[in-house]
Each structure stands twice: as C-alpha cells, then as structure tokens.
Protein chains: 2
Amino acid sequence: MSDRLPNIELVRRTPFFVSAGEAAMTRLLGGSFTQQLPRGTVMFEQNEMADFLYLLLSGSVAIMARDEAGAETVVEIFGAAELFLVPAAILRLPYLTSCVALTDVRVLMIPADAFREAVAEDPRLSRATIEIVGRHWRLMVEQVVDLKLRTAERRVARFLARRVPEEHGAGSAELPEPRAAIAARLGMTPETLSRTLNAMDAAGLIRLSGKRVDVPDRERLLGSGRK
Amino acid sequence: MSDRLPNIELVRRTPFFVSAGEAAMTRLLGGSFTQQLPRGTVMFEQNEMADFLYLLLSGSVAIMARDEAGAETVVEIFGAAELFLVPAAILRLPYLTSCVALTDVRVLMIPADAFREAVAEDPRLSRATIEIVGRHWRLMVEQVVDLKLRTAERRVARFLARRVPEEHGAGSAELPEPRAAIAARLGMTPETLSRTLNAMDAAGLIRLSGKRVDVPDRERLLGSGRK
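Numbering of residues starts from 1 in every chain and runs along the sequence as written. Following the order in which they are written, the chains are lettered starting with A and the ligands numbered starting with 1. Predicted model: local features are reported for residues with pLDDT of at least 70 only, side-chain atom pairs are reported and counted for 80 or more only, and whole-chain, interface and lining totals are derived from all residues. Remark: hydrogens and water are excluded; side-chain values derive from all non-hydrogen atoms of the structure.

*Asks:* Looking at this structure, I do not really get the side chain of Arg138 of chain A. What am I missing?
*Replies:* In this structure, Arg138 of chain A sits in helix α6 (residues 123–149). Classification of residues uses two cut-offs on accessible area relative to the type maximum, computed with a 1.4 Å probe and protein chains only: under 20% is buried, over 50% is exposed, and between them is partly exposed. In this tally, Asp and Glu contribute negative charge and Lys and Arg positive charge; neither His nor the terminal groups of the chain are included. Whenever a carboxyl oxygen of Asp or Glu lies within 4 Å of a side-chain nitrogen of Lys or Arg, that contact is scored as a salt bridge. No salt bridge is formed by the buried Arg138 of chain A; the nearest opposite charge belongs to Glu142 of chain A, separated by 6.5 Å. Arg138 of chain A has contacts with Ala88, Leu91, Leu93, Pro94 and Leu96 of chain B, leaving out every residue within four places of it along the chain. A helix here means a DSSP run of H or I that spans at least four residues, while a strand means a run of E at least two residues long, and both kinds are numbered starting from the N terminus. In this analysis, two residues are considered to be in contact whenever any of their non-hydrogen atoms come within 4.5 Å of each other.

Set out below in structure tokens:
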C-alpha cells in the first residue's frame, strides 16, 4: 500500500481522517487510488453522477458552476487536505458543480459506493462526514454573507487572512491560483481584485510579491475596509 | 405524548424523519417540546451556543447573519418541515446565524445533546443527518450561483417556481413573509423586488394577489429573464 500511496502520512493528518480515525482510513484507502493531474484538468463535470470523492493531497481546485445561460463562476476554492464533494456522493445525486485543477494537483480518489458503505457501518466515519459537510455549509453561508454585505476590500482582506495561519499575527498568504479564479470566488471582476490588492499594498496592509502576499499585521488587515 | 405533541403525524411526514425512521423519531421526541411563537420572535441569536435543533411545524423563519459592521441580511428562509441548524448542533459550535420568525410559527425544539447521542448510536439517523446537511449545502451553493450569475428577474422567477409544486405546470406560490425578508434572501433591495414582481405581472408571467402569487405556467416563468 505504501507504494501505491506514498502520501499516507498526509492522508492521516487531514482533518477529515483525524476525525474519522485509522480504521476508516485503512478501509477507504483499500479501494482508492491517487492521481497526479496537470493544471487545467477538469476533474469532474456538473451534472455527472458522483462516482468518486476527492481528497486533495496537494494543489488547489475550483468548484465551478454554470447557469442555464452558460455563464460560469467559481463557487469555492479548495486547497490541500480538503475532501469533496461529499453531498453528491452521499445523496447519490449528480454533481451540482464541476471541478477544475487550478494548479498541478495530487488527489486521492475514493469510490463513492465504498464510501457510502463505510459510512453506514462506521459511526466515527459517519460523524466525521456530518462534520465536514457542516463545515462546508458554513463556508457557503460565510460566502453568502460576503456577497450580500461586504465590500470588495473586506472580502479580499478576509480571503487573504484565512490563508495566514491564525496562530501568527503576521505571515504570508500563498496565491497559486489564477487571479481570475480568485476574483470569481470573491464575486468581483479581475479588475476590481487587482485594484483592491494594489490599494491595500499602497496602504501598507499587504505586500504583493507575485504569487505570494505578505501580511505584516493580520488584525490590521481584517480591520480594513469596514463601512 | 400525543397531548404534548399533537403534531406527531406532521413530524413523521417531514423529509428528515421519513429518512431517519420511526425509532429515531420516538427517541428524539422523548426529550423535545413544541413552542408556538409569534411573528418577530428571535428564536436564537448569532454566536449563541447551539443548545437546540428546530423542526419547523408551521410558518416560516429567516436565518439571518450580521457582519462586523452590524449590517444584517437574510441567508435563507426555511418553511414548514425543515430541520435547522444541524451543523452548529453537531459541531458544538455557536450558531453562525440568528433565526427570526417571519410569521407565527409552531416549532419542535430538540435538545442538541440528545440529538448528538442519538446520531452516534443510530446509523439511519446519522445518514439522514448527512443528507439534510448535504441538502442545505446545496441550497447555499445554488444561492451563491444566483448571487454571482443570475439577474434579479431570474432569481425571483426561480424563488417563486420553487414554491409551486413541481408536479404541476401551474399553481400558486404563497408568500407569507415580509417582502423585505424575501428581497434580502434574494440579494436585492425591496424596491428591486417590487419592480421585478410588477414587471412579471405586466408580462403575464405571474399574477400578484397580496400574499399569493399565481403562476399560470411554471416553465414559462423559469424561462424568463434569460440573458
């Protein structure tokens, strides 16, 4: 198994498997496999049946949705250690969204059938599953509040702050994704995102340096842009 | 028990308890109680610990969120038969939102402790819980897509169409909630909502009559406002 899954330590340390436990992990790894996919890969399509859950081992993906008119947006960006899309797999429904690799990614693919069976038999795994879907629900609620109430500057500040480890008052946020994807996630045009980042840089709230943003004072960043 | 819970048939027919089963229902009803609350009641506050789950027996509630600046919006409107907020209760986290009765309501209050215990011991209840949180996640994703991609007219059309039973091509959508709450749920001002409803009425897509909206052709309504 260690040949097929050199990242087993990584899997073990994901919040989902810390919560689900070793037994569930061993069981699910049995039928799973890892894939290395280049940036731009469409990992699944909206309306396709959910045959797999994806545990992202490295990189960053966009959960994207298309409306009836064909317009498309980024619903969420998931980074390493996230498991998705649990609801479609559990509900045996088609994916509500598509998923595109925003960077090169390494991903563990867990068959949805095996996952459903394991959840039915393992209360600890079941609990971890409720937790992760609950956390993802909360992320979406936060985003709805962002879109309805918060200015572009506050959305950007909160997005960056989430990428700076909370235990530190300062740090760097990595932004390996295309700016257009981040802008869509934040519900703004790429131009508004650029303008906002440049204004924050000019105000000393952040320092832009390519794919990285240095945040000298996380609290100050979070306090910016208040109405 | 039938004295304390005259609505037991109603509880049994909710999608959640159809899925969770009779054993879970009987167990959870043991420690639960019903309340009749007037319109405007704050049922719980944002950041309060989640001591109860609420199963709405009749009426309509708003799940509301306040940002750091004190501005408030409607995240979701739940009607009869909905169970909320499962994520806070399961994660033992403070409520991410508050909840206000938009009409007079009748609600079953289920202690969160008892719910967590029952979920840990009853796989069928556990599965029903994953399903409901998954469904609520999907509602939030749909709303994010609405807010990012869809025009006011399309948002209103979809909101009304969801209230007309799908098996019928036509029907009536009841709107017992204040228009301001519906507007906030849809991410628009009350003026935009009024203007949109009036334009739809003038175009023959709907017929406004007070707290009710007649929809002569659900498909035609859903096709309106396409970009």
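That covers the picture; the talk isn't over yet.
*Asks:* Honestly, the pattern of salt bridges in this entry has me stumped. Any pointers?
*Replies:* Side chains that differ in charge, positive against negative, can pair when their charged atoms come close. All names here are of chain A. Enumeration according to the criterion identifies 36 salt bridges over all chains in this entry. Linking Arg13 and Glu9 is a salt bridge whose minimum nitrogen-to-oxygen distance equals 3.8 Å. Under the relative-accessibility criterion, Arg13 is labelled exposed at 58%. When the shortest N-O distance is used, the salt bridge between Glu142 and Arg158 registers 3.3 Å.

*Asks:* I'm lost on the layout of surface pockets in this one. Help?
*Replies:* The gaps left among the atoms become clear once a water-sized probe is rolled over them. Residue and element names in this part refer to chain B. For the largest pocket, the calculated volume is near 1,100 Å³. Cavity means a closed set of points on a 1 Å grid over the protein atoms alone, one where a 1.4 Å probe fits but cannot get out, pocket means an open set with protein on both sides within 12 Å along at least 5 of 7 lines, and lining means a residue has an atom within 4 Å of a point. Lining the largest pocket are 35 residues, and of these Leu139, Arg158, Phe159, Arg162 and Arg163 sit closest to its centre. At the level of elements, β5 (72–79), α6 (123–149), α7 (152–162) and α10 (218–223) are the ones that each hand at least two residues to the lining of the largest pocket. A total of six residues in the lining of the largest pocket trace back to one element, the largest contributor, which is α6. Grid points are joined across faces, edges and corners, and a volume is the space filled by probe spheres set on the points.

*Asks:* Is there a simple way to think about the relation of the copies chain A and chain B in this case?
*Replies:* Mapping chain A onto chain B leaves a residual RMSD of 0.0 Å; the transformation is a rotation of 180 degrees accompanied by 0.0 Å of translation along its axis. The superposition of one copy onto the other is thereby described by a two-fold rotation axis. A symmetric contact is evident, with 100% of the interface residues of chain A recurring at the interface of chain B. Copies are brought into register by a least-squares superposition over C-alpha atoms of residues with pLDDT of at least 70 in both.

These figures come from the coordinates and say nothing about function on their own.
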